[in-house]
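# Overview (structure and organization)
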Amino acid sequence: MATSASASLSKTIKQQYMELPQGDKVQAMYIWVDGTGEGLRCKTRTLDFEPKSIEDLPEWNFDGSSTYQAEGSNSDMYLIPAAMFRDPFRKDPNKLVLCEVQKYNRKPAETNLRITCKKVMDMVADQHPWFGMEQEYTILGTDGHPFGWPSNGFPGPQGPYYCGVGADKAYGRDIVEAHYRACLYAGVNIGGTNAEVMPAQWEFQIGPCEGIDMGDHLWAARFILHRVCEDFGVVASFDPKPIPGNWNGAGCHTNFSTKEMREDGGLKVIEDAIEKLGKRHEYHIRAYDPKGGLDNARRLTGRHETSNIHEFSAGVANRGASIRIPRSVGQEKKGYFEDRRPSANCDPYGVTEALIRTCLLNEEGEEPADY
Amino acid sequence: MLVCFLFLFTNVGSAGCLWRVRKMATSASSKLSKAVKQLYMDLPQGEKVQAMYIWIDGTGEGLRCKTRTLDFEPKSIDDLPEWNFDGSSTYQSEGSNSDMYLIPAAMFRDPFRKDPNKLVLCEVLKYNRKPAETNLRRSCKQIMRMVENNHPWFGMEQEYTILGTDGHPFGWPSNGFPGPQGPYYCGVGADKAYGRDIVEAHYRACLYAGVQICGTNAEVMPAQWEFQVGPCEGINMGDHLWIARFILHRVCEDFGVVVSFDPKPISGNWNGAGCHTNFSTKEMREEGGLKVIEESIDRLAKRHMYHIRAYDPKGGLDNARRLTGHHETSNIDEFSAGVANRGASIRIPRLVGQEKKGYFEDRRPSANCDPYMVTEALVRTCVLKEEGDEPTDYNK
């Protein structure tokens, strides 16, 4: 099987060590987004106390020349704790700490999209923007082939796998179950899971989260997924089109609403928002994957339940459109809408910020406004 | 020396390759470390509850599932919210108008994630809130409500075959056949019983879940097994059987094998798989009930084709491969009944013939039948005394 050598190490031996009491010491694992805008990095430090809130956690630094973020001659970068979670791998009292990255001169690193997202979210806090993101991903073996697929061929065509059950339909459910429980333990706001259309493809949903929490919880959930897969000896891929041809891609459909949209008559506000989005399609496409649209170009073809990357469309219960209004929202005339364009490897800070800028701050044109 | 060698590899972990002396057709998933998984499943989940919603897809045989987190433990079915799903991915709708609704119908404890988590069997509605084509529960419930006072009881004997991921029956030689049928029915021993672990695990999981499972046995074909669900009154029969089927799929997934409800998985001199349905009403169970049973059988005889159409998801085409008149089946084109006769369409158990009351067994339903449709057909013909080729529309 294409699982890692690490996965074959004795978990019994490891468990003996993990059960050793740790006294007053606490392990805090600092996590950050690297220079690719998609990759996650982590390192741990010992604390003499259990942090109760994010303010208790000290700043730290790391070697940015080893993470595609700095030159060797001037490589120190700063880690600023931003969101704290319980650690499902080392368990209480240990913590996972999601961090922002700053360059040597204290300016945000290029792939630190959290800082402007937070600023924009603060500007619209009284509108209570809620998000729910549907993270799709594919499980691969260490050979890069989708997990459970025959090594020298393909499974039967798509149809029976979506929400499927059975060894011939669901590939790798253990990972999904473990990830779900780990997120619940950690305090990540995981709303659900399902098997996806392509075998070995799965989805989890994070939300509803308000404002900056959406990005924080989704990045933490992604880290936990990578770490769970590492334990099982397989790999999680957020590539938007892992297998070319008649196989579904992987997206990160983003559900969005404001207090106004959720109240009576909210459908009108939703329709206004969609109209604004309709005029700013290219700006959003650039914000919806880490390569300014190039990754999504392989996925948004107009087939396999996607819209075409060159056209903007919207419709009730229409999974071939850029924006889908759920049927129940169309009926109740209030609620939320779903932007189906973001790629699985999008930066949720970038996505949620773009939606706020266009729909709430009424921005227009190709570039984001500089406040 | 050999003992030490094996002991060394015991500690290498569940993915250690040298244990497998023979390549098995079990899934890659089943070889993932269950020790690792167990560490995660032991994590406390606080106030959150996982509810797995289960429904029947557009084939009328396939089951689908997805999970949502709740902030509370549901105590009854009424606590569970409606949900929806993408019907264009389950053979149930077009992509341009794909939202379909999930309406919780029956709740069970989750034997995979354990308490407080739940399995929730759902009805499916189309975008316009009308029942989906394969939502046969809706009309079954209506019919059962009409005959509540007759207290219709059912017991269904679900046969199935365990296959490897290569589609070949589990445990069969990869390029041949086992010895002919004879020693396998209720057999014991590695040369007789193929895959008992699945049966044992499924039984316990059903008991935990609250499914009314009343027994199991090995069947005539090797790798074929049977479990019985019942006695269940009214709509419960369909609910409990569908959940028992879901649990079986999920247990087999964990073991890395596949369960098939195909009515004739191997052609030739190998038994098919049915879902014999035992049926009685309060009248039949009381003194003199045998007369009511015989009257019911007369009615069934006059409506054979209607029942055949109701007894598999393809209007009789699947059963045509199984109901040949051989291998303890009746011929699909003929209706027959008899005491203790396993070659008949309807069998009256000998004990019932002696006590002159009890129940009877309809041996025609296919293993992949929809129990809602089967139980509804029996009630329509025997209790509501319908006649003719079409079911009566009571809404008119």
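Being a predicted model, the structure only gives us computed values, none of them experimental.

The number of helices and strands found in chain B is 11 helices and 13 strands. For 396 residues, the compact-globule estimate of 2.2 N^0.38 gives 21 Å, and the C-alpha radius of gyration of chain B, at 22 Å, lies within 12% of that figure. Projecting the C-alpha coordinates of chain B onto the three principal axes gives extents of approximately 70 × 55 × 45 Å. For chain B, the proportion of its 396 residues judged to be buried stands at 55%. Considering only contacts in chain B between residues 6 or more positions apart, those separated by 24 or more positions represent 66%. Only carbon and sulfur atoms are counted for the fraction: they give 53% of the accessible area of chain B, which is about 17200 Å². Within chain B, one finds 48 positive and 51 negative side-chain charges whose respective centroids are separated by 2 Å.

Per the secondary structure count, chain A includes 10 helices and 13 strands. Against the globule reference of 21 Å for 371 residues, chain A gives a C-alpha radius of gyration of 21 Å, in line with a compact fold. The C-alpha extent of chain A, read off along each of the three principal axes, is 60 × 50 × 40 Å. In chain A, which comprises 371 residues, the share counted as buried stands at 57%. For chain A, contacts bridging at least 24 residues in sequence account for 66% of all contacts bridging at least 6. Looking at chain A as shown, the accessible area adds up to about 14700 Å², and 50% of this sits on carbon and sulfur atoms. Distance between charge centroids for chain A: 2 Å, based on 42 positive and 53 negative side chains.

On to the side chain of A:Asn248, then. All names here are of chain A. Assignment of secondary structure puts Asn248 in the loop between strand S9 (235-237) and strand S10 (252-257). Among the polar contacts listed, one links the side chain of Asn248 to the side chain of Glu305, at a separation of 3.2 Å. Non-local contacts of Asn248, meaning those with residues more than four positions away in its chain, are made with Gln158, Val197, Met198, Gln201, Lys241, His304 and Glu305.

Before going further, it helps to spend a moment on the state of the cysteines. Residues and elements named next belong to chain A. Applying the stated criterion across every chain, the model contains zero disulfides over all chains. In this structure Cys117 is not part of a disulfide, and its nearest cysteine sulfur, from Cys346, lies 12 Å away. The thiol of Cys209 is unpaired, and the distance to the nearest cysteine sulfur, on Cys183, comes to 11 Å.

Take helix H4 (residues 213-232) of chain A next. Residue and element names in this part refer to chain A. Taking 1.5 Å as the rise per residue, H4 with 20 residues should run 28 Å; its terminal C-alpha atoms sit 28 Å apart, in good agreement. Of all 20 residues making up H4, 17 are buried, and the element is well covered by its neighbours. At the exit of H4 stands Gly233, carrying a positive phi of roughly 85°.

Moving on, we come to the domain arrangement of chain A. All names here are of chain A. Segmenting chain A into domains produces domain 1 (5-110) and domain 2 (121-360). Listed as interface residues are 21 residues of domain 1 and, on the opposing side, 23 residues of domain 2. A buried area of about 1800 Å², summed over both sides, lies between domain 1 and domain 2, and 70% of it is on carbon and sulfur atoms. Of all residues in domain 1, Glu38, Phe85 and Phe89 give up the largest surface area on contact with domain 2, accounting jointly for 34% of the area buried on that side. Put simply, domain 1 and domain 2 have five residue pairs in polar contact (both at pLDDT 80 or more) between them. Put simply, the parts of the chain that give the side of domain 1 that touches domain 2 at least two residues each are helix H1 (11-18), strand S1 (26-33), strand S2 (40-47), strand S4 (76-86) and strand S5 (95-102). Grouping the constituent residues of the side of domain 1 that touches domain 2 by class yields 12 nonpolar, two polar and seven charged.

Let's shift gears to the UniProt feature "domain: GS beta-grasp" (unreviewed entry) in chain A. Under the local residue numbering, the UniProt record ascribes the feature "domain: GS beta-grasp" (unreviewed entry) to residues 24-106 of chain A. Here residues 24-106 of chain A is 0% helix and 47% strand, with 33 Å between the C-alpha atoms at its ends.

Residues and elements named next belong to chain A. On the surface, Ile13, Tyr17 and Leu20 cluster together into a nonpolar patch covering about 350 Å² of accessible area. Residue placement: Ile13 occurs in helix H1. The class of Ile13 is partly exposed, set by a relative accessible area of 44%.

Right, let's get into the interface of chain A and chain B. Facing 57 residues of chain A, the contacting portion of chain B comprises 54 residues. Buried area between chain A and chain B, summed over both chains or domains, comes out near 4600 Å², and the portion from carbon and sulfur atoms is 53%. Its largest share of buried area at the contact with chain B, chain A owes to A:Tyr162, A:Val165 and A:Arg181, together 17% of the area lost on that side. The tally of links from chain A across to chain B stands at seven salt bridges. Here B:Lys37 and A:Asp174 are joined by a salt bridge, their closest N and O atoms 3.3 Å apart. Put simply, chain A and chain B have 26 residue pairs in polar contact (both at pLDDT 80 or more) between them. Within the residue set of the side of chain A that touches chain B, elements represented by two or more residues are H1, helix H3 (173-186), strand S7 (190-195), H4 and helix H9 (327-332) of chain A.

Quick look at the UniProt feature "domain: GS catalytic" (unreviewed entry) in chain A now. UniProt marks residues 113-371 of chain A with the feature "domain: GS catalytic" (unreviewed entry), using the numbering shown here. The span residues 113-371 of chain A is 35% helix and 17% strand, and its two end C-alpha atoms sit 15 Å from each other.

Turning our attention to the side chain of B:Asp362. Residues and elements named next belong to chain B. Its place among the elements puts Asp362 in strand S13 (residues 360-362). Classification of Asp362 by relative accessible area gives buried; the value is 0%. A distance of 2.7 Å separates a polar atom in the side chain of Asp362 from a polar atom in the side chain of Tyr311. Leaving out residues up to four positions away in the same chain, Asp362 has contacts with His276, Thr277, Tyr311, Ser345, Ile346 and Leu378.

Cut-offs and rules
- Residues numbered from 1 in each chain as written.
- Chains lettered and ligands numbered in written order.
- Predicted model: local features only at pLDDT ≥ 70, side-chain atom pairs only at ≥ 80, totals over all residues.
- Heavy atoms only, no water.
- Helix = DSSP H or I, 4+ residues; strand = E, 2+ residues; numbered from the N terminus.
- Rg over C-alpha atoms; globule rule 2.2 N^0.38 Å.
- Buried < 20%, exposed > 50% of the residue type's maximum accessible area, 1.4 Å probe, protein only.
- Contact = heavy atoms within 4.5 Å.
- Areas by Shrake-Rupley, 256 points an atom, 1.4 Å probe, with all protein chains shown as cover.
- Lys, Arg positive; Asp, Glu negative; His and termini not counted.
- Charge placed at Lys NZ, Arg CZ, Asp CG, Glu CD.
- Polar contact = N/O pair within 3.5 Å; in protein donor to acceptor, adjacent residues only side chain to side chain.
- Disulfide = S-S within 2.5 Å.
- Expected span 1.5 Å × (residues − 1).
- Domains from an automatic or database assignment.
- Buried area = accessible area lost by both parts, 1.4 Å probe.
- Nonpolar A, V, L, I, M, F, W, Y, C, P; charged D, E, K, R; others polar.
- UniProt positions renumbered as here; feature names shortened; annotations may be inferred.
- Patch = residues over 30% accessible without salt bridge, like charges linked within 9 Å, V, L, I, M, F, W, Y side chains within 5 Å.
- Salt bridge = Lys/Arg side-chain N within 4 Å of Asp/Glu carboxyl O.

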